[in-house]
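# Survey of secondary and tertiary structure
Okay, here's what each chain looks like letter by letter:
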Amino acid sequence: MITIAGGGLAGLASAYELARRGVSVRVFDPGDSPGSNSVARFAGGMLAPWCEGESAEDEVVALGALAADWWAQVTPVFRRGTLVVAPPRDTPDLTRFARRTSAHRPVTGAEISELEPVLSDRFQHGLFFEGEAHLDPRRALRDLAQSLQDMGVELLYNTPTPALIDLDCTGMAADLPDLRPVRGEMAILYCPEIEINRTLRLLHPRMPLYLVPRGDGHYMIGGTMIESSSSRPPSLRSLTELLSAAFTLHPAFAEASVVEIGAGLRPAFPDNLPRIITHNGRLHLNGFYRHGFLLAPAMAARVADQILPGDKR
Amino acid sequence: MQIYDTEINSRLLVGTAQYPSPAVLVDAINSCRCEIVTVSLRRENADGSGTGFWDTLRQTGTRILPNTAGCHSVQEAVTTAQMARELFGTNWIKLEVIGHADNLQPDVFGLVEAARILCAQGFQVFPYTTDDLVVGEKLLEAGCEVLMPWGAPIGSGQGLRNPDALRGMRAHFPNVPLIVDAGIGRPSDACQAMELGMDAVLLNTAIAKAGDPAAMAQAMAQAVDAGRAGYLADPMERRNMAIPSTPILGMAELA
Ligand SMILES: Cc1cc2nc3c(=O)[nH]c(=O)nc-3n(C[C@H](O)[C@H](O)[C@H](O)COP(=O)(O)OP(=O)(O)OC[C@H]3O[C@@H](n4cnc5c(N)ncnc54)[C@H](O)[C@@H]3O)c2cc1C
């Protein structure tokens, strides 16, 4: 029996990899239900290793490449790519983005309107990352929890964690040296007039925006990156920037309903890479930063290999 | 170089925003051996909540110059400065009062007013200003002992858009430390600023957004050193025609 503290993203992904290797697993979490207490409920759900490569270490690209296949085992994954655009005056940013990333092709205004007809005539240059995907984070956590239950994993929500456990995946609640919070603010818009099918990124020197379709006219927009542990609701400044960036993508967003706003704290180490470490005799998987969905599959497999050394699939 | 009552050896000051990760930032700081880094504060940090990141910065041993980046009014800038004094235990403040949300041009009227208030409260103010001489004078009157003129708009990487104005500032304020803040994109820009006789340069985006921030930080430090040495060495004057370096008088005329 392997016990895990934390039924958020990392805990559930690790439970999956362990259960798949044939051991019984029990997960403890003080929250009410899968994901209810997890920072992942604010996430975009982008599986975008190549775009992230713009500012992340090469390892993120390498580890993230298989994430879409992994998630597709348990939840719907939308493999429609990422379209990166920039307003005309920020085209130098597009050039830089292209130089720093791979697995993309340049697209013209005509190709952009073919991919996303609502954007026709709005952007003349863009980059298309065909291999990228997205999912719905809240649904993904619920679906993952369901698969775990089907596999016989015990998910104990609303339950205090025993002192002795095998793996700690408590995210920001873990007391680890060098683990710091990076605050992220987001909003969900409802705008049935607009149909966008894939993740869009709008480059901007100060406030780059991403928009992830959630289906039925809903769009998640995010996300700020602030070195702070404050979990107060989003500030007017951040929201103004996010919402006006959405308006830059398409003026019809002016009529969107803002159905939700939120702010979450991403757990991160100084190099912004996840780590498997032993601290005070306890094994931890943590530091997923803005890459929980992207990197949890690969890191969960690693941690499972470490816990069950003889059992390399 | 002396700024307020502090002796400073490195003439490169580095901003800490927009790096891929704190680890990359620390590498950059170490590779350019800067002594002063600027840090921006947000309201979110009022309770000391930025600590994880600040601890990383403190470990580098650099001196922290908090800034009021993103403040659009005198009141906001003054409140942020007070918060910074509390949090970082320093009287230093890099004062920014932004007048234009889009190009981040300083609001020089608000700047002078905020500088007056903060100097009266015992702050040592580093004002981010334009290259306007009259504004510079007003800032000195307000109690500032250093001026930080822009080279170009923040984050634009355009280099020095008006070198003549900076040259004019140098001539007009021979004894005031002048630090070019904003607009530096490449090492040659930093070098040019130093050749003009500026005392130091402050930059952020050019390092943070480079493909290899640590390598760029080092290149910037070398450029600053080269520019300073060039300025001190009293460069020759430019001419508008070629002058052979070997005298032609007395050369044999071979028919
Ligand atoms: C605005 C925003 C956008 C994002 N967008 C993306 C994206 O597009 N793609 C992507 O890959 N990532 C994204 N992320 C990042 C992603 O959400 C995180 O990396 C990920 O959720 C971290 O997972 P975790 O399991 O470490 O922490 P969490 O998911 O927060 O899980 C921690 C769990 O531990 C539990 N817990 C706390 N204390 C205890 C205890 N004592 N005992 C037991 N359990 C405990 C909590 O209840 C919680 O369920 C985004 C994040 C934010 C904030």
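This section reports on the structure supplied with the text. (Residues numbered from 1 in each chain as written. Chains lettered and ligands numbered in written order. Predicted model: local features only at pLDDT ≥ 70, side-chain atom pairs only at ≥ 80, totals over all residues. Heavy atoms only, no water.)

Looking only at helices and strands, chain B features 9 helices and 10 strands. By the compact-globule yardstick of 18 Å for 255 residues, chain B fits well, its C-alpha radius of gyration being 20 Å. Taking all 255 residues of chain B together, 53% fall into the buried category. A sequence separation of at least 24 residues applies to 67% of the contacts in chain B between residues at least 6 apart. (Helix = DSSP H or I, 4+ residues; strand = E, 2+ residues; numbered from the N terminus. Rg over C-alpha atoms; globule rule 2.2 N^0.38 Å. Buried < 20%, exposed > 50% of the residue type's maximum accessible area, 1.4 Å probe, protein only. Contact = heavy atoms within 4.5 Å.)

So, about the environment of B:Leu202. All names here are of chain B. Examined against the element boundaries, Leu 202 turns out to sit in strand β10 (residues 200–203). In the structure, Leu 202 is positioned 20 residues away from Ala 182 in sequence and 6.8 Å away in space, judged by C-alpha atoms. Not counting the four nearest positions on each side in its chain, Leu 202 is found in contact with Leu 13, Gly 15, Thr 38, Lys 94, Met 148, Ile 179, Val 180, Asp 181 and Ala 182.

Right, let's get into unusual backbone geometry. All names here are of chain A. Here the bond from Gly 222 into Gly 223 is cis, since omega is -15°, no more than 30 degrees from zero. Along the chain, Gly 223 falls in the loop between β13 (218–222) and α8 (236–249). Of note, the phi angle at Asp 216 is positive, near 55°, even though the residue is not glycine. With respect to the helices, strands and loops of the structure, Asp 216 is situated in the loop between β12 (209–215) and β13.

All right, on to the site of the ligand then. All names here are of chain A. Among the 33 residues in the neighbourhood of the ligand, the closest are listed as Ala 10, Asp 29, Ser 38, Tyr 289 and Phe 293. In this structure, an oxygen atom belonging to the ligand sits 2.9 Å away from a main-chain N or O atom of Val 39. The set of elements that each furnish at least two residues to the shell around the ligand consists of α1 (9–20), β2 (25–29), β14 (257–268) and α9 (292–307). When grouped by side-chain class, the residues that make up the shell around the ligand number 17 nonpolar, 13 polar and 3 charged. Here the shell around the ligand gathers at least three residues from each of two domains, domain 1 (2–68 + 134–178 + 270–307) and domain 2 (82–130 + 180–268). (Near = heavy atom within 4 Å. Polar contact = N/O pair within 3.5 Å; in protein donor to acceptor, adjacent residues only side chain to side chain. Nonpolar A, V, L, I, M, F, W, Y, C, P; charged D, E, K, R; others polar. Domains from an automatic or database assignment.)

Once that is clear, we can look at the nonpolar core. B:Leu12, B:Leu95, B:Val125 and B:Val201 are the most contacted members of the largest nonpolar core, which totals 79 residues. Ignoring any residue separated from it by four or fewer positions in sequence, one finds B:Leu95 in contact with B:Thr68, B:Ala77, B:Leu111, B:Ala114, B:Ala115, B:Leu118, B:Val125, B:Phe126, B:Pro127 and B:Tyr128. A:Ile2, A:Val27, A:Leu294 and A:Ala298 belong to the second-largest nonpolar core, a separate cluster that totals 50 residues. (Core = buried A, V, L, I, M, F, W, Y, C linked by side-chain atoms within 4.5 Å.)

On to the sheet that holds β13(A), then. All names here are of chain A. If you walk across this open sheet you meet the 8 strands as β5-β6-β4-β11-β12-β13-β10-β14, and the pairing is mixed. Only two strands of the sheet have a single neighbouring strand rather than two, namely β5 (105–108) and β14. On average, each strand axis in the sheet is inclined to that of its neighbour by 25°, with strand direction left out of account. Here 4 bridges tie β5 to strand β6 (residues 125–129), and the two strands are oriented antiparallel to one another. In the sheet register, Thr 108 faces β6, and the bridge partner there is His 125. Contacting β4 (82–85) and β6, helix α5 (residues 91–100) runs over the sheet at an angle of about 25° to β6. The strands touched by α8 are β4, β10 (180–190), β11 (199–202), β12, β13 and β14; relative to β10, the strand with the most contacts, the crossing angle is about 45°. (Pairing = 2+ DSSP bridges. Axes fitted to C-alpha atoms, helices over the stretch in contact; angles between N-to-C directions.)

Moving on to the interface of chain B and chain A. Between chain B and chain A, the contact holds 23 residues from the first and 23 residues from the second. In this assembly, chain B packs against chain A so that about 1700 Å² is buried in total across both faces, 44% of it on carbon and sulfur atoms. The interface formed by chain B and chain A holds 1 salt bridge in total. Note that A:Arg237 and B:Glu76 form a salt bridge whose closest N and O atoms lie 3.0 Å from each other. The set of elements that each furnish at least two residues to the side of chain B that touches chain A consists of α1 (22–32) and α2 (51–59) of chain B. Here the side of chain B that touches chain A takes 3 residues from α1(B), the largest share from any one element. (Buried area = accessible area lost by both parts, 1.4 Å probe. Salt bridge = Lys/Arg side-chain N within 4 Å of Asp/Glu carboxyl O.)

Counting through the fold element by element, A:Leu141 comes out in helix α7 (residues 137–150). Among all residues touching A:Leu141, those that are not within four sequence positions of it are A:Leu9, A:Leu12, A:Pro34, A:Gly35, A:Ser38 and A:Ala40.

Read these as layout, nothing more, since geometry by itself doesn't imply function.
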